[in-house]
Amino acid sequence: QVQLVESGGGFVQAGGSLRLSCVASGRIFSPNTMRWYRQAPGKQRELVAGSSSGGRSTYADSVKGRFAISRDNAKSIVYLQMNSLRPEDTAVYYCNALIGLGGSEYWGQGTQVTVSS
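A few points on the structure. Throughout, residues of each chain are indexed from 1 in the direction in which the sequence is written. It should be noted that, the model being predicted, local features are given only for residues of pLDDT at least 70 and side-chain atom pairs only at 80 or more, the latter also being counted only at that level, while totals for whole chains, interfaces and linings use all residues. In computing side-chain properties, one takes all heavy atoms of the structure into account and sets aside hydrogens as well as water.

### Describing the environment of glycine 108
Our working definition: A run of DSSP states H or I qualifies as a helix once it reaches four residues; a run of E qualifies as a strand once it reaches two. Both are numbered from the N-terminal end. Each residue gets one of three labels from its accessible area relative to the maximum for its type: buried under 20%, exposed over 50%, partly exposed in between, using a 1.4 Å probe on protein chains only. Two residues form a contact once any of their heavy atoms are found within 4.5 Å.
When you line up the elements, glycine 108 lands in the loop between strand S10 (104-107) and strand S11 (111-116). The class of glycine 108 is buried, set by a relative accessible area of 12%. With 41 residues separating them along the chain, glycine 108 and phenylalanine 67 place their C-alpha atoms 19 Å apart. Sequence-distant contacts of glycine 108, defined by excluding residues within four places in its chain, comprise Leu4, Glu6, Tyr94 and Cys95.

So, in C-alpha cells, the structure goes:
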C-alpha cells in the first residue's frame, strides 16, 4: 500500500509562485511514475506534469515553461514548482503514483491552489 500526502497549496496573486510537495510512504519501487493532476470546479481532472523513475518528465501544454516537476527519491518526495501563476491555474491539485510493472495507482487527498487576478 502507498500513501500520498500533498502540501503547499494556498492563495496567491497572479504572477506569483507556489511549490507543492507530495510525500509518498509505503512500498514504492521502480519502475514508478509520479504525476500531478488538477481539477477546477466544473471541469474534468487533467494531467499537469509527470516524472518517471527513469528520469523522464512531461508537462501539459498549458504549464510548459511555468511549472517544473522534480523528485527526491531518497526522501520519496515529488515537488511541483509553479511560477507565473494565472487565475486559470486555480484548482485542487492531486498527487498520483503509478507503482511497479502492474501500474498500481494511488491518489493523494489534494491541495487547493487559488490564484487571484
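Read on for the rest.
### Focus on unusual backbone geometry
Located in the positive-phi region is serine 76, a residue other than glycine, with phi close to 55 degrees. By the secondary structure assignment, serine 76 is in the loop between strand S7 (67-72) and strand S8 (77-82).

### A closer look at the pattern of salt bridges
Here is the rule we go by: Within this document, salt bridges are pairs made up of a side-chain nitrogen of Lys or Arg and a carboxyl oxygen of Asp or Glu, the two lying within 4 Å of each other.
One pass over the structure, following the stated rule, counts five salt bridges. Here arginine 38 and aspartate 89 are joined by a salt bridge, their closest N and O atoms 2.9 Å apart. Highlighted residues: arginine 38 in strand S4 (residues 32-39) and aspartate 89 in the loop between S8 and strand S9 (91-99), separated in sequence by 51 residues. With a shortest N-O distance of 2.8 Å, arginine 66 and aspartate 89 are connected by a salt bridge. With arginine 66 in the loop between strand S6 (57-59) and S7 and aspartate 89 in the loop between S8 and S9, this residue pair connects regions lying 23 residues apart in the sequence. Judged on exposure class, the residue arginine 66 and its partner aspartate 89 are both buried.

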